[in-house]
Amino acid sequence: MASLIDCPHCGPRPREEFSVRGDAAATRPDPEAGPEAWHAYLHLRTNPRGLHREHWRHSGGCRRWLVVERDVVTHAVHAVRDAQEGAQ
Amino acid sequence: MSGRRLPVAARIDRGRPIRFRFDGREHQGFEGDTLASALIASGVGIFGRSFKYHRPRGVLAAGSAEPNALVTVGTGGRQEPNVRATMLEIFDGLEARSQNAWPSRRLDVGALNGLLSPLLGAGFYYKTFMWPPKAWERVYEPLIRRAAGLGRAGIEPDPDRYEKTWAHCDLLVIGAGPAGLSAAVTAARAGARVILADEGAEPGGWLLDDGGDASSALREDLLAELRAAPEVRILPRATVFGWYDDNVFGALERVGKHLPPDPDRPVERLWRIVARSAVLASGAEERPLVFAGNDLPGVAMASGIRRRLVGQAVAPGRRVAVVTNGEAGYSLAAALESREVEVAAILDCSPPSAHDPERYAPARGDWRGGQAEDWRGVARIVRGRPLRAVGMRAVEALEIERRDGSRRRLAVDAVAMSGGWSPNGQLACQRGARPEWSEARQAFLPPIDQPGLHVAGAAAGLVGRAACLADGARQAVAALGEIGLAAAPAFDPAPEDAPPPRALGAQGSGRGKSFVDFQNDVTVDDLARARQEGYGHPELAKRYTTSAMATDQGRMGAVNAAVILAEAQGLAPGAVPLTTQRPFFSPVSFGALAGAARAEAFRPARRSPLHAWSQARGAVFLETGAWLRPAWFPRAGEPDWATAVAREARMVRLAAGLCDVSFLGKIELTGADVPAFLNRVYLNGMAKLPVGRARYGVMLREDGFVMDDGTVARLAEDRWVLTTTTAKAEEVMAHLEFCAQVLWPELDVRLASVSDAWAQMALAGPKAREILGAVVDLDLSDAAMPFMGAAQAPLRGAPGVTARVFRISFSGELAYEIAVPADLGPAVADAIMAAGQGAGICCYGAETLAVLRIEKGHVTHAEIDGRVTAHDLGIGRMVSAKKADFIGRAMLGRPALTAAGRLQLCGLQAVDPAQAFRAGAQVLNAGAAPSLEGAQGHVSSTCWSPHLGRTLGLALVRDARARHGEEVQVWDGLRGETCAARIVPPVHFDPENRRLHG
């Protein structure tokens, strides 16, 4: 795991300031999407060897939700952006 | 022992004697001494006993890899085991003790273990002491654990201070020998921000050990330039122990362990250094030679003897044998000779093929005479191999075998050994890279050029001062180039000195133990046995024999072990790799890792703005999460807490009570889309909440289970404030921010946590209205301020201050919550108490709050335990059927979440008022055997109710709503108690809510 995360608002900060929520690839289904879609959203996760996109929160800093792209093999963090920018 | 101080120049200050104690005896050294040098100088040879065989051990090396001379320093809370005597600078009042020796280090009963050694070899605990089976746990293991091991940690709290800090730099240079100094100077001249960390008390590395005038002058010049450079920080006594992701390095600085205790100074400082690039110039560790008795006190590394000779003018003995396979032994002999220490012989054990009479020409340059035989007329160079070091408590002789097969016994009292050099490249291999064998350099080399870390000098396998100076400069230029900084090398390229010597396996075949890993007592025989038994793979051999598992992590012995394992398989050196490297490079104390995060600071307590106010009124505090909450307010004459709580509960229902509820999470919301947002995060309708009203709300998780509950109040057209439970304040805030930022960024909502900005109090009881009316300027009539009303009003005493008033009730009484800016909390609380004095007001704490809410069937996280649905709690009717979407809606409809047989919330009442039950107990059918089998549910909360005169509880019981009136047993399996109880509706008291409406 990376030692530093480059927060787009606060700059590179120690990862202890951040908390992870998990997979950012899943998008919340339509309320009427049906049980299978909701089951997939809530319970199914892939665990690829390589790049992961995850939701992290700078809980000890600006408190913004971020999308962190990191490689679980090399531990490299490839990109960090504010989650709201990506969601819009 | 014959170690002694020589009357020659050195870096000790003979004008500053230092007195210290070792094993209770007073010794004297000088400023500039380590414990090792000072004790050797005063003739001490045995520093302690070894791990397994209790063999006498002296000092082997000179730096942080020292495996033998481990001592315990300090007493009481300052007791620190396994301190390397070679790293400990002495100070007045230092108290050190030897380890693993009883009754004394010279006469040790445990040495009998040596006689048992056939039973104690590698893997002995898997094979011996197995019979009878029960004896292992009761007899053998305790005995073995007592006999084995090194120092013991103290159990008292450490009174010293440790601290942690961060640092940032362009270039981190690890090691301040020739390569490191050269790298740092190169970077400093380029204007880079540089941190130079060195393990020693003084920077310099080999430039110090060399002892020559040229080296000293060069060191002075380079250090002077670095000290004058504005962007260079030199950290002496700092060991860089780990290389982590994003080029963050961990370093341990010994700030005050070499000084008497001082409360104003930390003893150690843990650095986390963010380096844009780094140069690893950590030098090389000299390899021991493996022959019988190579662990006897008096047998030591040539480099260690040299460091003490040059630095502290300490001679290892009166007559020294030097056993070497390379240049190091020759140059040590010259250094001893020039200080009038007799060198009995140099035993050159380099293989015939490697021997070249001229290869050590540079060393010989310092040497008197050219041909060995000419040197004082004695055959001083012997080609052959060491067979055995002989002696009881110290070396008395060295048995050698000449190349022609003849044997000889040299009477000596010290043996210097040098088996070549192992580059200290461990740090460069901590992130997955592996060292590779270099035939040319006869060593395992780390990768030289990794992004962010460039290895230079002896750590890269180079030999000689000029070559290391040039390489340090070259690697600094490369490292700086990587981050876009141009630099010019401070030193020109230069050739290396003598080629590195050949790596050797086990020498000799003399009787006795030949040690490979000194600290863990691992011998050549252990490695051979590991291979015989199928554990020849280096990772397996390591674990089977514990070789390279000691605190030096194999820095002394790992290469020898790999070469010996290779030889045993008929392979060349290097064919068997080294084991995986991991942090830490050398031991790091728990104190340093904990830093300031200990005792109260480990998890700082959160205190309400009314904490001191409650304290002044005699509150007893209770930890809930990070909070300290007033639990009850005992009065004089109350024999126990239960009496106080029952009295408080009665006073609230009879008159009025004031309770600090500042602990609740408070979140303010503004924005055009707050109604829509709230509608989507609560299961009930929130969109139409009018100004001046509050509403109870329940939040679900997306999987349909209840997350939290609280109230939402709309204070103004564009301002809402919601409360969360104390426990979930942080989680709810994070959840709402996720909803606002990620799920629905299109909604215009802004959130702010205001939990700490407000002091909030609950004022409950039939007299609450008249008391509050005296404090806030607000019409509190039912018409103006009905149940679930919310308002902002000025304080009567301070019209400029606006209080927030909510008519909400957790107690079931006519009740208000009043919130004021945090700093005004105590004054407002005082005003309320003063206004209520005539009415009979009291303060009440969390315990009474619990009694009141259990009587009223209100839930907390004891009930909302992550497994309950709104339906389970009996609030299924709150779920809005009109809303198209809210968090949890989609999964709420899963059949299993409303199926028969689920645990539902209910009340429980003890049938016999004299009997009680506790939370956590199981609910069993009447007449059922006490067993978890067939359990109907569990008790979540209980209290003694002064109003019903019996024990009450809330419970989650199978299909409870259909079972009201049924008698069950409450079984406490832990205490073996059962109690008859009746299932009742959750609201035990005033089910019609008459009191609520005043």
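Treat the numbers as computed from the prediction; the structure is a model and nothing was measured. (Residues numbered from 1 in each chain as written. Chains lettered and ligands numbered in written order. Predicted model: local features only at pLDDT ≥ 70, side-chain atom pairs only at ≥ 80, totals over all residues. Heavy atoms only, no water.)

**What to know about the sheet that holds strand 36 (residues 694-700) of chain B**
Residue and element names in this part refer to chain B.
- The antiparallel open sheet is built from five strands, whose spatial order is 36-37-38-35-39. Looking along the sheet, the strands with just one partner apiece sit at the ends: strand 36 and strand 39 (750-753). If you compare each strand with its neighbour and ignore which way they point, the axes differ by 25° on average.
- Taken together, the seven bridges between strand 36 and strand 37 (residues 706-716) define a ladder with antiparallel strand orientation. From the neighbouring strand, Ala694 faces strand 37, where its bridge partner is Ala713. (Pairing = 2+ DSSP bridges. Helix = DSSP H or I, 4+ residues; strand = E, 2+ residues; numbered from the N terminus. Axes fitted to C-alpha atoms, helices over the stretch in contact; angles between N-to-C directions.)

**Re the environment of Ser614 of chain B**
Residues and elements named next belong to chain B.
- Relative to the helices and strands, Ser614 resides in helix 15 (residues 611-616).
- Residue classification places Ser614 among the buried positions, given a relative accessible area of 1%.
- If near-sequence neighbours (up to four positions away) are discounted, Ser614 is found in contact with Ala619, Phe621, Pro630 and Phe633. (Buried < 20%, exposed > 50% of the residue type's maximum accessible area, 1.4 Å probe, protein only. Contact = heavy atoms within 4.5 Å.)

**Details of the state of the cysteines**
- In the structure shown here, the tally under the stated rule is zero disulfides over all chains.
- With no disulfide partner, Cys62 of chain A has as its closest neighbouring cysteine sulfur the one in Cys7 of chain A, 3.7 Å distant.
- Considering cysteine sulfurs only, Cys843 of chain B is the nearest to Cys842 of chain B, which forms no disulfide, with 6.6 Å between them. (Disulfide = S-S within 2.5 Å.)

**Re unusual backbone geometry**
All names here are of chain B.
- In this model, Pro583 is joined to Phe584 through a cis peptide bond whose omega is 10°.
- The backbone phi angle of His54 is positive, close to 55°, even though this residue is not glycine.
- Along the chain, His54 turns up in the loop between strand 4 (48-49) and strand 5 (56-57).
- Judged by its relative accessible area of 5%, His54 is buried.
- Positive phi values are uncommon outside glycine, yet Met788 reaches one of about 70°.

**So, the UniProt feature "domain: GCVT N-terminal" (unreviewed entry) in chain B**
- As recorded in UniProt, the sites labelled "domain: GCVT N-terminal" (unreviewed entry) are residues 610-883 of chain B.
- For residues 610-883 of chain B, the helix share is 26%, the strand share is 28%, and the end-to-end C-alpha distance is 40 Å. (UniProt positions renumbered as here; feature names shortened; annotations may be inferred.)

**Re the interface of chain B and chain A**
- With 27 residues of chain B at the interface, the matching set in chain A holds 25 residues.
- Across the chain B to chain A interface the summed buried area is about 2,300 Å²; carbon plus sulfur atoms make up 54%.
- Of all residues in chain B, Asp245, Phe738 and Gln741 of chain B give up the largest surface area on contact with chain A, accounting jointly for 26% of the area buried on that side.
- The interface formed by chain B and chain A includes 12 residue pairs in polar contact (both at pLDDT 80 or more).
- Contributing elements (two or more residues each) for the side of chain B that touches chain A: strand 14 (268-280), helix 18 (729-743) and helix 22 (889-892) of chain B.
- Class assignment of the residues belonging to the side of chain B that touches chain A gives a composition of 16 nonpolar, one polar and 10 charged. (Buried area = accessible area lost by both parts, 1.4 Å probe. Polar contact = N/O pair within 3.5 Å; in protein donor to acceptor, adjacent residues only side chain to side chain. Nonpolar A, V, L, I, M, F, W, Y, C, P; charged D, E, K, R; others polar.)

**Considerations on the sheet that holds strand 48 (residues 950-958) of chain B**
Residue and element names in this part refer to chain B.
- Judged by pairing direction, the barrel is antiparallel, and its six strands sit side by side in the order 45-48-47-46-49-50 before closing back on the first. The sheet shows a mean angle of 45° between the axes of neighbouring strands, taken without regard to direction.
- Pairing of strand 45 (residues 903-910) with strand 48, which is carried by seven bridges, proceeds in the antiparallel orientation. For Cys906, the partnering residue across the bridge sits in strand 48 and is Ala955.
- The strands touched by helix 21 (residues 846-855) within the sheet are strand 47 (937-945) and strand 48, with strand 47 carrying the most contacts at an inclination of about 115°.

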